[in-house]
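# Chains, contacts and geometry: an overview
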Amino acid sequence: MKSIALFFLGWVIISVAASAQSIPGPATVRYDLFVADTLVNFTGKPRRAIAVNGQLPMPTLEFFEGDTAEIHVHNRLKVATSLHWHGLFLPNGADGVPYLTQLPIEPGETYVYRFPIIQTGTYWYHSHSGLQEQIGMYGALLLKKRAQPAPIPEIPLVISEWADMKPEEINRNLKNGSDYFALKKGAVQSYAEALKEGHFLTKLTNEWKRMHAMDVSDVYYDRFLVNGSPEKHYPAFKKGQKLRLKVINAGASSYFWIHYAGGKITVRASDGNDVVPVEVDRLLIAVSETYDLEVNLPDDRAYELKFTPEDRSGVASVWLGSGEKITAKPLPKLQYFEGMKMMNDMMDAKGNIVEMKGMRMQNQVMDMNKVMYRELATEKPVTLTYEMLRSPEPTNLPEGAFRDLHFELTGNMNRYVWTLNQKTVSETDKIPIRKGENLRIILYNNSMMRHPMHLHGHDFRIINRHGAHAPLKNVIDIMPMERDTLTFAANTSGDWFFHCHILYHMMSGMGRIFSYENSPPNPQIPHPEKALRQLYADDRMFHGMLENDFASNGNDGMMMWGNTRWNIGTEWRLGYHKEHGFEVETHVGRYVDKMQWLMPFVGFDWRYRKMKEGHEEKNIFGRKNTKDRRALFSAGLEYTLPMLIKARAEIYHNGDFRLQLMREDIPIASRVRMKLMWNTDKEYMGGLKYLVSRHLALASHYDSDMGWGAGFTLQY
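Parameters at a glance
Residues numbered from 1 in each chain as written. Predicted model: local features only at pLDDT ≥ 70, side-chain atom pairs only at ≥ 80, totals over all residues. Heavy atoms only, no water. Buried < 20%, exposed > 50% of the residue type's maximum accessible area, 1.4 Å probe, protein only. Helix = DSSP H or I, 4+ residues; strand = E, 2+ residues; numbered from the N terminus. Arc of directions from axis to C-beta. Contact = heavy atoms within 4.5 Å. Phe/Tyr/Trp six-rings, centres within 6.5 Å; stacked < 30°, edge-to-face > 60°. Lys NZ or Arg CZ within 6 Å of the ring centre and 35° of its normal. Core = buried A, V, L, I, M, F, W, Y, C linked by side-chain atoms within 4.5 Å. Polar contact = N/O pair within 3.5 Å; in protein donor to acceptor, adjacent residues only side chain to side chain. Pairing = 2+ DSSP bridges. 1 Å grid on protein atoms, 1.4 Å probe; cavity = no way out; pocket = protein on both sides within 12 Å on 5 of 7 lines; lining within 4 Å. Points joined across faces, edges and corners; volume = space filled by probe spheres on them. Patch = residues over 30% accessible without salt bridge, like charges linked within 9 Å, V, L, I, M, F, W, Y side chains within 5 Å. Areas by Shrake-Rupley, 256 points an atom, 1.4 Å probe, with all protein chains shown as cover. Salt bridge = Lys/Arg side-chain N within 4 Å of Asp/Glu carboxyl O. Axes fitted to C-alpha atoms, helices over the stretch in contact; angles between N-to-C directions. Parallel < 35°, antiparallel > 145°, perpendicular 65-115°, else oblique. Left-handed = near helix turned anticlockwise from the far one by under 90°.

## Observations concerning helix α5 (residues 200-208)
- Among all positions of α5, only Thr202, Lys203, Asn206 and Glu207 are buried. Along α5, the residues classed as buried sweep out an arc of 125° about the axis, all on the same side. Exposed residues on α5 whose side chains face more than 90 degrees from its buried face are Leu201 and Trp208.
- In the core, the buried residues of α5 are packed alongside α4 (191-196), α6 (336-346) and β39 (657-667).
- Once α5 finishes, Arg210 follows within two positions and takes phi at roughly 65°, a positive value.

If you want it as structure tokens, here you go:
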């Protein structure tokens, strides 16, 4: 019996050894990445993108634990670039944030990233320069164990989105408060739609509280992609086979629901860190998160793994296996007005979310958006939450005191300014931290958008019910009204970015810089103060808007130039007749309150109109109007009232005073907008426009000075 036992023991050892991969020892692994402009065509229209080695996404990079990565980046673009190694523990100088950890890689330059591989799991890499990530600069980064049993087949799946509109135009469109993207997605939530669905009072309350239409994402995308295509097919797999899917959300601003037509999904890792396997029906992957998922093929058919953006405006699919196609059930359109009603209940008239007693708003336990999910009326799917994630090993931090840092996630959706504690990155100093201390970050989301907050160079513990086995991640998706707690050990040196990973939120200023005290100088940043000013320029960037109405009774329009705080605007009205004359008003103001509703300004008013004899005009205070020939300086305040009415109080250098009330974007129907204006000079105006396209509208209005007119409006 003893000899038989020894035989079987030897057989087991030989079998395990044979199943282990034959992997050479640690080595320096070199990749050469050539970054260049290219053209892509996802919609029938050729558009500029950025390819690396001719690929979109960028090549999948693979290393084994213990290797040294040596990555040569050859910039063949006409602009500077960079690469950030998302989720990796590496020397600060290799983190890839321009003007913070390195200078940008200029056109024609080659830059070498070199760092040790000291972890394993599913990660990714992307540009941290401007908006380049949106147009192709993202790719998978797989870090493998040196020796392990032969794994089940693995498939890296990089999810992303594509817009034919240039990312700079997307950003400008968001900054200008346009609802063009909502129109494209069928999510305007106009008064006509509200009346039809029995939610007129809901819409009225929404605007009374100075809120805009409900949405779960900011941008309209033309296509959604997985590994660079709307559909991918992997036909080689057979019945009963188990697959490990390494899913990376490389989208710039889209969350994705993941469903599988072949049954349950087993979650095995998140952000590169193993978790105790948990079986779910579906999960929502936040921007920049990664998950290792396991699925089975129940039969010899092709089963769909479906990726649906949170706003349900499209889909990308992966087909596993071959034969008859088994589709995953499509997700129905969101119930936006139910979401709006929920938002009304949560938000007060001052722009703050009202915390509800007795509700556990942490770790995604309470998904306030579920009121919009029509499928929940008939289905009860098991959906992944952070509360379900448990590390297989204890994750306790080293012994020592904790220092608390509190961050309130805030923003103004109309002006598209996103902040922490009401301040952008450029409006704050670096946050000093000390090597060896433990940090506790308490995040409270006081906005109506989800925010995937990412910490560079560190993993943090998401504090949940699993105590010592709290999961490790580098991204946390924090939902509206949530208050979540993260802890991490300060164990390195240098400057590290902490920011929302929705690209356009980050570029608007939603982040902070953690800076280790007593860090050695970074030789790649020879002039730190100058470099920091360049980094701050991202959220201080100005954007413009222009609108001109060509009407039968005259020409009127406006031009605006602004950034996160400043607003420079000019309005004009030009009549075709002498009695109509012209007027031009220019104002320069700065938003000063946390909600960006209050703007002090200075201005200049220049106007001329030939007054008819005996037709002297007076304002409501009895003072004679001087609009027949006026060139006056002014100072005043503009404030957003309930119903999103702009109130402007202005005093001129001659002592005249004017109060004006105006609203320009009232959504009457899906494509119909109304504007109204009245002031104490007894001027008034009303008009309608029908949106034909992003840049063109048909318009008609009545002006107290120029009468009726109709024509068209050009918008940029």
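Picking up where we left off.
## Considering the packing of aromatic side chains
- Following the criterion strictly, the structure yields 23 aromatic pairs and no others.
- Here the aromatic rings of Phe407 and Phe498 are separated by 6.0 Å at their centres, their planes lie at 50°, and the arrangement is tilted. Within this pair, whereas Phe407 is found in strand β21 (residues 402-412), its partner Phe498 is found in strand β30 (residues 495-500), the two being separated by 91 residues in sequence.
- Residue class for Phe407 comes out buried when judged on its relative accessible area of 5%.
- Pairing Phe582 with Trp606 gives two aromatic rings, centres 5.0 Å apart and planes at 70°, and the pair type is edge-to-face. Note that Phe582 is positioned in strand β35 (residues 582-590) and Trp606 in strand β36 (residues 598-608), a separation of 24 residues in sequence.
- For Trp606, a relative accessible area of 45% gives the class partly exposed.
- The ring of Tyr191 carries Lys203 above its face, with NZ or CZ at 5.8 Å from the centroid.
- Above the plane of the ring of Trp319 lies Lys325, whose end atom (NZ or CZ) is 4.6 Å from the centre.

## Thoughts on the nonpolar core
- Counting 116 residues, the largest nonpolar core has Leu245, Phe307, Leu443 and Phe514 as its most contacted members.
- When residues in this core are grouped by element, the largest group, 6 residues, is from α6.
- The residues contacting Phe307, other than those within four sequence positions of it, are Leu157, Ile159, Val226, Val247, Phe256, Trp257, Ile258, Val315, Ala316 and Val318.
- Ranked by size, the runner-up nonpolar core spans 39 residues in total, among them Ala49, Leu77, Ile105 and Tyr138.

## Quick look at the side chain of Asp218
- Examined against the element boundaries, Asp218 turns out to sit in the loop between α5 and β10 (223-226).
- At 2.4 Å, the side chain of Asp218 forms a polar contact with the side chain of Tyr416.
- Polar contacts involving the side chain of Asp218 include one to the side chain of His505, which spans 2.9 Å.
- Each residue touching Asp218, except ones within four places of it in the same chain, is listed here: Leu174, Phe181, Lys185, Met413, Tyr416, Met449, Ile502 and His505.

## Quick word on the pairing of β21
- Bridging between β21 and strand β24 (residues 438-445) involves 8 bridges; their strand directions are parallel. The residue of β24 that forms the bridge with Glu408 is Tyr444.
- As defined by bridge partners, β21 adjoins strand β22 (residues 417-420) across 4 bridges and the pair is classed as antiparallel. Counted as the bridge partner of Asn412 is Val417 from β22.
- Hairpin connection from β21 to β22: 4 residues lie between these consecutive antiparallel strands, with Tyr416 at a positive phi of about 55°.

## Observations concerning helix α2 (residues 167-175)
- For α2, a buried count of 8 out of 9 residues is recorded, marking the element as mostly surrounded by other parts of the structure.
- Within α2 the residues assigned to the buried category are Pro167, Glu169, Ile170, Asn171, Arg172, Asn173, Leu174 and Lys175.
- Those residues of α2 hidden inside the fold are in contact with α3 (180-185), α7 (503-507) and β32 (543-551).
- Note on α2: the residue one or two positions beyond its end, Gly177, has a positive phi of about 70°.

## Describing empty space enclosed by the protein
- What the rule picks out here adds up to 7 cavities of 30 Å³ or more.
- A volume near 50 Å³ is recorded for the second largest cavity.
- Looking at the second largest cavity, the residues that line it are Gly411, Asn412, Val417, Thr419, Gln422, Arg565, Lys594 and Gln596.

## Digging into a nonpolar patch on the surface
- Residues Ile620, Phe621, Ile651, Phe657, Leu659, Leu661, Trp678 and Tyr684 make up a contiguous nonpolar surface patch of roughly 710 Å² in combined accessible area.
- With 3 residues, β39 is the single largest residue contributor to the nonpolar patch.
- Relative to the assigned elements, Ile620 resides in the loop between β36 and β37 (629-641).

## So, the packing of α5 against α6
- Close contact between α5 and α6 brings their axes to 9 Å; oriented N to C, the two are set at 45°. Between α5 and α6, the angle is such that the two are oblique. For the crossing formed where α5 meets α6, the hand is left-handed. Contact residues: α5 offers Thr202, Lys203, Thr205 and Asn206, while α6 offers Phe337, Met340, Lys341, Met343 and Asn344.

## What to know about the pattern of salt bridges
- Taken as a whole and assessed by the stated rule, the structure comprises 49 salt bridges.
- Across the pair Glu304 and Lys306 runs a salt bridge, and its minimum N-O distance is 3.6 Å. Accessibility classification places Glu304 together with Lys306 in one group, the buried group.
- The partner of Arg607 in a salt bridge is Glu585, with the nearest N and O atoms 3.6 Å apart.

## As for unusual backbone geometry
- Note that the residue after Leu56, namely Pro57, is joined by a cis bond; omega there is 5°.
- Tracing the backbone through its elements, the reader meets Pro57 in the loop between β2 (47-52) and β3 (61-64).
- The phi angle at Asn227 is positive, at roughly 50°, despite the residue not being glycine.
- Structurally, the position occupied by Asn227 is in the loop between β10 and β11 (231-234).
- Backbone geometry at Ser288 places phi at a positive 80°, although glycine is not the residue there.
- One can find Ser288 in the loop between β16 (282-285) and β17 (290-296).
- In this structure Ser288 comes out as buried when scored by relative accessible area, which is 0%.

## Looking at the environment of Leu409
- Residue placement: Leu409 occurs in strand β21.
- Classification of Leu409 as buried rests on a relative accessible area of 0%.
- Separated by 13 residues in sequence, Leu409 and Gln422 place their C-alpha atoms 7.8 Å apart.
- Excluding residues within four positions of it along the chain, Leu409 makes contact with Thr419, Leu420, Leu443, Tyr444, Asn445, Asn446, Ser447, His451, Met453, Ile478 and Met510.

## Side note on the sheet that holds strand β4 (residues 68-75)
- Taken together, the 4 strands give an open sheet; going across it, the order is β2-β1-β4-β6, and neighbouring strands pair in mixed fashion. The open sheet terminates on both sides in strands that have one partner only, identified here as β2 and β6 (110-116). On average, each strand axis in the sheet is inclined to that of its neighbour by 20°, with strand direction left out of account.
- Sheet analysis places strand β1 (residues 28-40) next to β4, joined by 8 bridges and oriented parallel. By the bridge assignment, Arg30 is partnered in β4 with Glu70.

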